[in-house]
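Residues per chain, in single letters:
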Amino acid sequence: DDKYIRLLHDFVTGDPELARYLAGGFAEVSIFATIDGHRYKGRLDLLAPNVILNVKTYSKRPRRGNALRTSLVRDAYYNGSDLQAVVHHMVTCAACQNGLPVFADSGDEDIDAQRADQMRLLLASMSTKKKAPVYQWLFIRTGGAPAAIMIPCRESEVRWQFAVEEVREAVNIVKTYRAKF
């Protein structure tokens, strides 16, 4: 519904914290990287200075007895968003360190080339900092009045380490499968 999309746009651009992330950021960024001989692709919802933002929507209330924040994080883990976070983080760090290809795909070659150059500059500026970009989930409620909750997905969390192991296991399965054929 067009009216709801405009309402959502006004909400996101009117929120000071969200506006801070959107300023100087790029939406729908594709980054390709070869890490330890394996090819990866990350399609980032938003790449902003020192932040990777992944937008998720929710519409249901949390399960009985759970806080909304806890419920959203559980759903993110259940749906594999933690694995996505690990891969996005890996390709972004690789792009920061190695100047890997970054693609913009609006359909206009001139705009895309300029946008890709700007994204490379952003990644280059991120590579000069000692800290890796912060991965954030932005959960936006759909239906009714928009509401948003920002939740970081940190490397220091135990679940992050499990996700890293799951990504490694998936890579090994693919490697074994390819060796058979």
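Look a little higher up for the structure.
Values in this document were obtained by computation on a predicted structure and should not be read as measured data.

Colleague: Explain the environment of M90 to me, and be specific about the residues and the numbers.
Modeller: Following the sequence through the fold, M90 ends up in helix α4 (residues 81–98). Taking the C-alpha atoms as reference points, M90 and Y40, 50 residues apart in sequence, are found 8.6 Å from one another. For M90, the residues in contact, after removing those within four places along its chain, are I35, Y40 and V167.

Colleague: Any chance you could break down the nonpolar core for me, citing the residues and the numbers?
Modeller: With 36 residues, the main nonpolar core has V29, Y40, L47, W137, F139 and I151 as its most contacted residues. At seven residues, α4 tops the list of elements feeding residues into this core. Setting aside its immediate chain neighbours within four residues, F139 contacts K56, Y58, L72, A76, A147, A148, I149 and I151. One finds Y21, L46, V51 and L53 within the second-largest nonpolar core, a separate group that totals 10 residues.

Colleague: Now, about the packing of aromatic side chains: what can you tell me, with residues and values included?
Modeller: Counted according to the given criterion, the structure contains two aromatic pairs. On the basis of an interplanar angle of 70 degrees and a centroid distance of 5.9 Å, the ring pair of Y77 and W137 is categorised as edge-to-face. Residue Y77 is located in helix α3 (residues 68–78), and its partner W137 is located in strand β5 (residues 134–141); the two are separated by 60 residues in the primary sequence. For Y77, a relative accessible area of 22% corresponds to the partly exposed category. Three or more aromatic residues link up through ring pairs in this structure, and these residues are Y77, W137 and F139. Above the plane of the ring of Y77 lies R159, whose end atom (NZ or CZ) is 5.3 Å from the centre.

Analysis parameters
- Residues numbered from 1 in each chain as written.
- Predicted model: local features only at pLDDT ≥ 70, side-chain atom pairs only at ≥ 80, totals over all residues.
- Heavy atoms only, no water.
- Helix = DSSP H or I, 4+ residues; strand = E, 2+ residues; numbered from the N terminus.
- Contact = heavy atoms within 4.5 Å.
- Core = buried A, V, L, I, M, F, W, Y, C linked by side-chain atoms within 4.5 Å.
- Buried < 20%, exposed > 50% of the residue type's maximum accessible area, 1.4 Å probe, protein only.
- Phe/Tyr/Trp six-rings, centres within 6.5 Å; stacked < 30°, edge-to-face > 60°.
- Lys NZ or Arg CZ within 6 Å of the ring centre and 35° of its normal.

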